[in-house]
Amino acid sequence: MFNFFRRHLFEFASFFVLAGAIAYVWTNPILEIEKLTLEGVDDEKSYREVKDVLVETIHSDWLKQDLEVIQEGVKKLSWIEKVVVTRVFPNELKIVITPFTAVARSQYEGKLIAEDGTFFLARDVDLEKSQTLPRISCESFEAKEAVRLLPQLNRTVAKIKMQVTELMISYRGSWSLRLTGEDQRTLDIELGRTANPER
């Protein structure tokens with residue numbers, strides 16, 4: 001037994017030194033967060049909104065900070081589709097934000113519709129960019145299908161040099177379109193209740 005401990009003394013000593021170092025680092029905030037890198041935010045107002053969330057959610061040092069808390073906090077901002085938070089050694093947190101991309105305006109003031117049919121409360125910068133987007137008026141559960149069919153409908157009406165500027169689904173499920181031509185001439189079309197309105 002004595003020979004066993006003598007042979008493995010160095011291993012035991014190394015283990016206890018390592019365990020002690022880990023315990024010290026874990027219980028002492030020696031790895032302060034000194035740098036925050038924020039990607040995916042392109043305007044001052046959005047930057048301030050994210051910064052306010054970070055102030056509320058970062059409460060620990062680099063090693064012990066719960067990254068999911070930051071991610072969930074930032075994700076609550078309605079214009080954000082995805083958030084990825086990672087540690088970068090030795091003292092940096094990197095936050096990459098993917099905002100929703102609007103493909104249409106909605107019937108609700110201040111809300112746009114994303115590529116996956118999600119309604120989201122738009123930033124000022126999004127509203128400015130959305131003025132030329134088509135308007136879709138429908139319930140939220142119908143938006144995904146409306147967004148999916150919009151490009152197909154536009155390809156069809158492009159043959160008569162027009163584009164869909166409004167797509168409406170009534171509470172009864174009836175589809176209708178408003179087309180606008182290059183000369184600003186408009187044409188309203190009633191498609192009725194059909195699962196395949198692009199026909």
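Residues numbered from 1 in each chain as written. Predicted model: local features only at pLDDT ≥ 70, side-chain atom pairs only at ≥ 80, totals over all residues. Heavy atoms only, no water.

A. Highlighting the overall build of the protein. A count of helical and extended segments in the protein gives six helices and 10 strands. The buried share of the protein, taken over its 199 residues, is 31%. The long-range share in the protein, meaning contacts at least 24 apart out of those at least 6 apart in sequence, stands at 42%. Carbon and sulfur atoms make up 56% of the accessible area of the protein, which totals about 13,100 Å². (Helix = DSSP H or I, 4+ residues; strand = E, 2+ residues; numbered from the N terminus. Buried < 20%, exposed > 50% of the residue type's maximum accessible area, 1.4 Å probe, protein only. Contact = heavy atoms within 4.5 Å. Areas by Shrake-Rupley, 256 points an atom, 1.4 Å probe, with all protein chains shown as cover.)

B. Geometry of helix α6 (residues 140–157). For α6, with 18 residues, the first-to-last C-alpha span of 25 Å sits near the 26 Å given by 1.5 Å per residue. At leucine 150, α6 is bent by approximately 35°, the largest bend along its length, and proline proline 151 sits one to four residues beyond. Along α6, the residues classified as buried are Glu142, Ala143, Ala146, Val147, Leu149, Leu150, Leu153 and Val157. Where α6 is buried, its residues meet β4 (102–106), β5 (111–114), β6 (119–121), β7 (135–137), β8 (162–169) and β9 (175–181). (Expected span 1.5 Å × (residues − 1). Bend = angle between axes of the 7 residues up to and from the residue.)

C. A look at the side chain of aspartate 61. Looking at the secondary structure, you find aspartate 61 in the loop between α3 (44–57) and α4 (67–75). Residue aspartate 61 is classed as buried on the basis of its relative accessible area, which comes to 4%. Within the structure, aspartate 61 has its side chain in polar contact with the backbone nitrogen of leucine 63 (distance 3.0 Å). (Polar contact = N/O pair within 3.5 Å; in protein donor to acceptor, adjacent residues only side chain to side chain.)

D. Local environment of the sheet that holds β8. Taken in spatial order, the seven strands of this open sheet run β6-β5-β4-β7-β8-β9-β10, and their pairing is mixed. The outermost strands of the open sheet, each flanked by one partner alone, are β6 and β10 (186–192). Pairs of neighbouring strands in the sheet enclose a mean axial angle of 35°, with direction left out of account. Here two bridges tie β4 to β7, and the two strands are oriented parallel to one another. The residue bridging serine 106 from the neighbouring strand is isoleucine 136, located in β7. In the packing of α6 onto the sheet, contacts are made with β4, β5, β6, β7, β8 and β9, and the angle to β8 comes to roughly 155°. (Pairing = 2+ DSSP bridges. Axes fitted to C-alpha atoms, helices over the stretch in contact; angles between N-to-C directions.)

E. Here's a closer look at the confidence of the model for the protein. Scored by pLDDT, the protein has a mean of 84; 82% of the residues are at 70 or more. Per-residue pLDDT, averaged within each element of the protein, yields its smallest value for helix α2 (residues 9–27) (46) and its largest for β7 (97). Between residues 12–26, whose pLDDT stays under 50, and residues either more than four places distant or in other chains, the model counts eight contacts. (pLDDT = per-residue confidence, 0-100.)

F. Highlighting the sheet that holds strand β3 (residues 92–99). Sheet architecture is open: three strands sit in the order β1-β3-β2, paired in mixed fashion. Pairing within the sheet leaves two strands with one partner each, and these edge strands are β1 (35–39) and β2 (80–88). Neighbour to neighbour, the strand axes of the sheet diverge by 15° on average, direction disregarded. Inspection of the sheet shows β1 paired to β3 by five bridges, in the parallel sense. By the bridge assignment, glutamate 39 is partnered in β3 with valine 96. Here α3 sits on the sheet and contacts β1, β2 and β3; the angle it forms with β1, its principal contact strand, is near 140°.

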